[in-house]
Amino acid sequence: MRHDVFISGFGGQGVLLAGNLLSYAAVIEGKNVSFFPAYGVEKRGGAAMCTVVIADGEVGSPVIGSPSVSIVLNQASLDKYGSRVRPGGVCIINTSLVDTAGFDREDIEIIRLPMNDIAMQLGDARMVNMVAVGAYVAKTGAVSPASLTEALKDALPERNHRFIPANVKAIEAGAEQVNNQKA
Amino acid sequence: MQQVFKRPVSLKDVQTHFCPGCHHGTIHRLVAEALDEYGVQQRTIGVASVGCSVFLYGYFDIDVVEAPHGRAAAVATGVKRARPDSFVFTYQGDGDLAAIGTAEIIHAANRGEDICVIFVNNTTYGMTGGQMAPTTLVGQKTSTSPYGRNQSKDGAPIRMAELLAQLKGVAFSARVAVNSPKNLMDAKKQIKKAFRYQVEGKGFSFIEALSACPTNWGMNPLQANERVGSEMTDYFKLGVFKNVENL
Amino acid sequence: MSKRLFVKGNEAVAMAAIEAGCRYYFGYPITPQSDIPEYLSRELPRLGGEFIQAESEIASINMLLGASATGVRAMTSSSSPGISLKQEGISYMAGSELPGVIVNISRSGPGLGGIDASQADYFQAVKGGGHGGYHIIVLAPSSVQEMYDLTLLAFDLADIYRMPAMILADSVVGQMKEALVPHGRPDTLLPAKDWVVRGKGDGEQRVVKSLYLGDGELEAHNWKLHAKYRELKEKEERWEEFETEDAELVIAAFGSTARIAKTAIMMAREAGLKVGLLRPITLFPFPERAFAALTQRCKRILDVELNTGQMIEDVRLSIARDADVFFYGRPPGAGSLPTPEELLEQIRKYC
C-alpha cells in the first residue's frame, strides 16, 4: 500500500504537527514514511505545507507533484493544491474557512468538513488539525486510529501530553464525520 | 670550566635560512628559551604560519602543524581544544596576522583561547619580496608602495598589541624588540611571562616582537637594527598593554 | 533492534557523528543545515566535547584542520556559499593528509543564489574544489538512514585514507524526516594514527604540513596522493541499482534526485516501461565500473540532476562507447523541485 498526501494551510493551524502525527503513526506500524515540509520561499506569506508519503515498501520520492489526497485548511491552499490532486483522488476541505464555490472537479472526491466549527464544539479551535487527520485516516486507512493515539505521545511535546485525550476526541470527531458521509 | 651559554634544547642544531641582520633567529631563540624554562617542549604543539617563519619546524625541536596563510590562530584553537594539556603557540608575521588573518586573531583572542601568539612585525612582507604590510609605516617605500605608504589611501599602520589589548579574552599583550641588549632582556622577560600565563591557564597571551628586515628595507644589518630602535619604536611603542595580573 | 526513530536528515548526521566518536565540531550558521550545529551545540558539551561557533567558515575549517592534526575525530558542516569559503582549508587538509568530515547541505547558486535544494556543487565536491589538484571522498546520501550510515562511513574512510571526506546532500535529504534505526559504529579496522602531533615527548618530532620545497619532494607527494585516489577507485566505489536487470533505459541520479526518480520508475513500470536506476552513493570515487558494466547491456542512460549538467560528465566517461546519454536538468528555482510525474514524462521520451 502507498499513501501520499499534501497537508496545507497557514502557520498556526498545526499543519506540520498533523504531518508529523501521521508519520509517527506509520513508524509505529513499521511502515516506511517520509515527511517533507515546504520551507524557504514556499513558506512566504505564512503558508505552511508538508508532504507525507507512507508505504509498505520503498517510499521513493518524498516530493510529489500530484498527491492522491490533499488536505486543505485555508483558502489559499485550495487555490494552490486543490487542482493538483490526481484523478480518482480525494480533496478534504475545511469549509469553515474555505469557500468551495467554483471548485468543481468531477474527477476527484471532495469531502467538505467545517473543521473549525467541529473543533470549537469540542472546546478548542486549535484542534482543527486533529479533525483533519481523523477525517483523512477514516477515508484512507493509511494508518490505524490506535496507532494515531499512540503516536500523539511522540508527536506532542511532553508538556502537552495532558491534551492527548482532547486530541483523540477531535480525531474521532473528524473520522465520524467522514464515516457518516459514507453512510 | 663552567658552560655559561648554550643552545636551548627546544632549538635544533641547524643553521637558519634567515637573512643576515634579520631578528627572526633571535626571537626563535627567546621562544625556545621560554619553552625550556617551563619544561613544556615535550608537550608543545607549535603552529607555523605562512611567511619567512614557515620553517618553524626546521628550527624548533617540537611537533608542528602548518597553518594556511593567516589561519594560525584558528588552527591553534582546534589543536588546543582537542588537546587541552598541550602547550600551544603560533608564530606569525604581520601580513599573516594583521592582514589576511585579522578575523582569526581577533576572534581567537576574544574567545580567550588558552594559547600564546608570537607576532613578528617587520613592517613588510618579507618572504614575497618586500611588499606593503598592514604595519608598514606612513611614508615607507616598499615594492607595492613605491611612493611611500599614503595614509589617506592605505590607512595607518595597525598597532596590533594595543588593538588586542581591548578584548576581554586577552590576558596579556605586550610589544617588545630585540634590537638592543636592554630590549632583548625585556623581550625575554615578557615572552616568558606570556608562556607562564598559558602554563597557568590564564588565557590568551600576545607578544608583538619588532623585527628588522634589512633585505627588504634596503639597509645593512646595522642600519636596519637602528631603524627598529628609532622610527619603528616611535610609532610602535614598546610596553605591556594588558596584563590580567595587574587588573 | 534499536527503536525506529523519526528524525530529520540533518539530525541523523549529527547523531551519527556522535556515534562515530566525533567530539569536536566547528561551524558557522547557514540555512539549511543549522539543525546540525544546533544539535551538536546541545549534545557535545554533555559528552565532554567541544562546540565552537566560529567567526567564519574559514576559521571553522582551520579549527577542524588543527583538531584533526591532533588525531581526534572532528567535523564541520555548512551549505554551498560557506563550503566555498572552506575550500582553502580543504586543500590544505588534502595536502597535509588530514582526515576530517565536512558536510555540505547544499543550496542553489551561483553567488548568493537561493536556499532551494541543489546539486550544483557536484563539480566543486568531486573535482577538488580548492587549488592544487586533489580529491576528497564524497558520499551522497539519499535517505535519512543513509545520512546516518554514510556519516559513520565518512569518518572511517577519512581515517583509513587520511583525507577529508564530504557528505554532499541538499535540503530535501537534510530537512525531510524519515524513520531511522540508529546503530553502532561498524567494526572497521582502522590504521594507527602514528602521524598526529601530540607534543613530541621523548620521541621524534612530528610535523603536519603541505609545504614541500625539497628537490622532487612535492612531485613525489602528489603521486602518493594520486595512488590513494586510485586505491579508492579500486576498493570504495559504492552504488545502488534499482530495477536495472531488464531495463532498456536507466536513470543516473544521486541523492534527492534519485529518490524522485524511484517513484517515477515505479510509475513507469506500472505503465509497462522497462526503466531502472543507477544511483552513485560515492561520487568520489565515482562508480565507473558500475556504469561500464551496466551499459554493456543497457544502451540508454538518462542523467537527471538539480543543475545544468555536472555528473553527466563522469557518466559519459564511464559508459560503454556505444551507449547514449540523455540529460534532464532542473537548476533550482524558487520552491520548484522536479516531481516524479515530470520525470515520467522524460522517461517516456526515451522509451
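Refer to the structure above for everything that follows.
In this text, all values refer to a predicted model and were calculated from it rather than measured experimentally.

Asker: Give me the overall build of chain A: which residues, what numbers.
Answerer: In terms of helices and strands, chain A carries six helices and six strands. Traced from its N-terminal end to its C-terminal end, chain A shows the element sequence β-α-β-β-β-α-β-β-α-α-α-α. In terms of overall dimensions, chain A has C-alpha extents of about 40 × 40 × 40 Å along its principal axes. Put simply, chain A has 183 residues, and 56% of those count as buried. Nonlocal contacts in chain A, meaning residues at least 24 apart in sequence, comprise 56% of its contacts between residues at least 6 apart. If you sum the accessible surface of chain A, you get close to 7,500 Å²; carbon and sulfur atoms cover 51% of it. Looking at chain A, you have 16 positive and 18 negative side-chain charges, and the mean spots of the two groups are 5 Å apart.

Asker: Quick rundown of the pairing of strand S1 (residues 44-48) of chain B? Include the residues and the values.
Answerer: S1 of chain B sits mainly inside the fold: five of its five residues count as buried. Neither face of S1 of chain B is open: one carries Thr-44, Gly-46 and Ala-48 of chain B, the other Ile-45 and Val-47 of chain B, and all of them are buried.

Asker: Tell me what's going on with the environment of Ala-73 of chain B, and back it up with residues and numbers.
Answerer: Residue and element names in this part refer to chain B. Along the polypeptide, Ala-73 turns up in helix H3 (residues 72-82). What makes Ala-73 buried here is its relative accessible area of 0%. The spacing of Ala-73 and Glu-104 is 31 residues in sequence and 5.8 Å in space, taken between C-alpha atoms. Sequence-distant contacts of Ala-73, that is, excluding residues within four places in its chain, are made with Thr-90, Gln-92, Glu-104, Ile-105, Ala-108 and Ile-115.

Asker: Would you mind going over the interface of chain B and chain C in detail, with residue names and values included?
Answerer: Tallying the contact residues gives 33 residues for chain B and 34 residues for chain C. Of the roughly 2,700 Å² buried between chain B and chain C, counting both surfaces, carbon and sulfur atoms make up 57%. In terms of surface lost to chain C, no three residues of chain B exceed Asp-63, Glu-66 and Arg-81 of chain B, which account for 23% of the buried area on that side. At the boundary of chain B with chain C, the tally comes to five salt bridges. Counting every contact that joins chain B to chain C gives 20 residue pairs in polar contact (both at pLDDT 80 or more). At the level of secondary structure, the elements contributing two or more residues to the side of chain B that touches chain C comprise S1, strand S2 (63-66), H3 and helix H5 (102-110) of chain B.

Asker: Now, about helix H6 (residues 144-161) of chain C: what can you tell me, with residues and values included?
Answerer: Residues that lie three or four places apart on an α-helix share one face, since the helix turns once every 3.6 residues. Between its first and last C-alpha atoms H6 of chain C spans 25 Å; for 18 residues at 1.5 Å apiece the expected length is 26 Å, and the two agree. Among the 18 residues of H6 of chain C, 15 are classified as buried, and the element is accordingly described as predominantly covered.

Asker: For the sheet that holds strand S11 (residues 249-252) of chain C, give the residues involved together with the corresponding values.
Answerer: All names here are of chain C. As summarised here, the arrangement of the five strands in space is S10-S12-S11-S14-S15, forming an open sheet in which the pairing is mixed. Each edge of the sheet is formed by a strand with only one pairing partner; in this case those strands are strand S10 (239-242) and strand S15 (324-329). The mean angle between the axes of side-by-side strands here comes to 20°, regardless of whether they run parallel or antiparallel. Pairing of S11 with strand S12 (residues 275-280), which is carried by four bridges, proceeds in the parallel orientation. Looking at S12, one finds that Ala-252 is bridged to Leu-278. The strands touched by helix H9 (residues 255-270) are S10, S11, S12 and strand S14 (300-305); relative to S12, the strand with the most contacts, the crossing angle is about 165°. Packed on one face of the sheet, helix H11 (residues 311-318) meets S11, S12, S14 and S15 and runs near 160° to S14.

Asker: So what about the environment of Phe-123 of chain C? Which residues, and what values?
Answerer: Residue and element names in this part refer to chain C. Tracing the chain through its elements places Phe-123 in helix H5 (residues 122-126). With 188 residues separating them along the chain, Phe-123 and Met-311 place their C-alpha atoms 7.6 Å apart. With sequence-adjacent residues up to four places away left out, Phe-123 is seen in contact with Gly-128, Gly-309, Gln-310 and Glu-313.

Asker: Describe the interface of chain A and chain C, and please don't skip the residues or the numbers.
Answerer: At the interface, 28 residues of chain A touch 30 residues of chain C. Together, the buried faces of chain A and chain C total about 2,200 Å²; carbon and sulfur atoms form 61% of this surface. The interface formed by chain A and chain C includes one salt bridge. For Glu-58 of chain A, the salt bridge identified is with Lys-262 of chain C, shortest N-O distance 2.6 Å. Counting across the chain A and chain C interface gives 11 residue pairs in polar contact (both at pLDDT 80 or more). Counting residues per element, the ones that place at least two in the side of chain A that touches chain C are helix H1 (15-28) and strand S2 (32-37) of chain A. Per element, the largest residue contribution to the side of chain A that touches chain C is six residues, and it comes from S2 of chain A. Residue composition of the side of chain A that touches chain C, grouped by class: 13 nonpolar, 10 polar and five charged. Here S2 of chain A pairs with strand S8 (residues 177-180) of chain C via two bridges, running antiparallel. Paired with Phe-35 of chain A across the bridge in S8 of chain C is Lys-177 of chain C.

Asker: Describe the sheet that holds strand S7 (residues 170-177) of chain B, naming the residues involved and giving the relevant values.
Answerer: Strands sit in the order S9(B)-S7(B)-S8(B)-S4(B)-S3(B)-S1(B)-S2(B)-S9(C) across an open sheet of eight strands; the sheet is mixed. With partners counted over all chains shown, the strands left at the sheet margins are strand S9 (239-243) of chain B together with strand S9 (207-208) of chain C, one partner each. Running at roughly 170° to strand S3 (residues 87-93) of chain B, helix H1 (residues 24-37) of chain B makes contact with S1, S3, strand S4 (116-121) and strand S8 (204-210) of chain B of the sheet.

Asker: So, the nonpolar core: which residues are in play, and what are the values?
Answerer: Membership of the largest hydrophobic core comes to 148 residues, with the highest contact counts inside it found for Met-75 and Ile-251 of chain C. Considering every element that reaches this core, the biggest residue donor is H6 of chain C, with 11 residues. Discounting residues that sit within four places of it in the chain, Met-75 of chain C has contacts with Val-13, Ala-17, Cys-22, Tyr-24, Tyr-25, Phe-26, Ile-36, Leu-40, Leu-64, Val-101, Val-103 and Phe-155 of chain C. Counting 52 residues, the second-largest nonpolar core is a separate cluster that includes Ile-71, Ala-132, Ala-155 and Ile-164 of chain A.

Asker: Any details on the arrangement of the chains? Residues and values, ideally.
Answerer: Most contacts, among the two pairs of chains that meet, fall between chains B and C. The two units chain A and chain B never meet; even their closest C-alpha atoms stay 30 Å apart.

Asker: How would you sum up the packing of H3 of chain B against helix H3 (residues 57-69) of chain C? Please name residues and give values.
Answerer: Relative orientation of the contacting elements H3 of chain B and H3 of chain C amounts to 45°, with a least axis distance of 6 Å. Relative to H3 of chain C, H3 of chain B is oriented oblique. Seen from above, H3 of chain B lies across H3 of chain C with right-handed handedness. When H3 of chain B is examined against H3 of chain C, the residues Ala-74, Val-75, Thr-77, Gly-78, Val-79 and Ala-82 of chain B are found in contact with a partner set consisting of Ala-59, Asn-62, Met-63, Leu-65, Gly-66 and Ala-67 of chain C. Counted by class, the contact of H3 of chain B with H3 of chain C contains eight nonpolar, four polar and no charged residues.

Thresholds, definitions, all that
Residues numbered from 1 in each chain as written. Chains lettered and ligands numbered in written order. Predicted model: local features only at pLDDT ≥ 70, side-chain atom pairs only at ≥ 80, totals over all residues. Heavy atoms only, no water. Helix = DSSP H or I, 4+ residues; strand = E, 2+ residues; numbered from the N terminus. Buried < 20%, exposed > 50% of the residue type's maximum accessible area, 1.4 Å probe, protein only. Contact = heavy atoms within 4.5 Å. Areas by Shrake-Rupley, 256 points an atom, 1.4 Å probe, with all protein chains shown as cover. Lys, Arg positive; Asp, Glu negative; His and termini not counted. Charge placed at Lys NZ, Arg CZ, Asp CG, Glu CD. Buried area = accessible area lost by both parts, 1.4 Å probe. Salt bridge = Lys/Arg side-chain N within 4 Å of Asp/Glu carboxyl O. Polar contact = N/O pair within 3.5 Å; in protein donor to acceptor, adjacent residues only side chain to side chain. Expected span 1.5 Å × (residues − 1). Pairing = 2+ DSSP bridges. Axes fitted to C-alpha atoms, helices over the stretch in contact; angles between N-to-C directions. Nonpolar A, V, L, I, M, F, W, Y, C, P; charged D, E, K, R; others polar. Core = buried A, V, L, I, M, F, W, Y, C linked by side-chain atoms within 4.5 Å. Parallel < 35°, antiparallel > 145°, perpendicular 65-115°, else oblique. Left-handed = near helix turned anticlockwise from the far one by under 90°.

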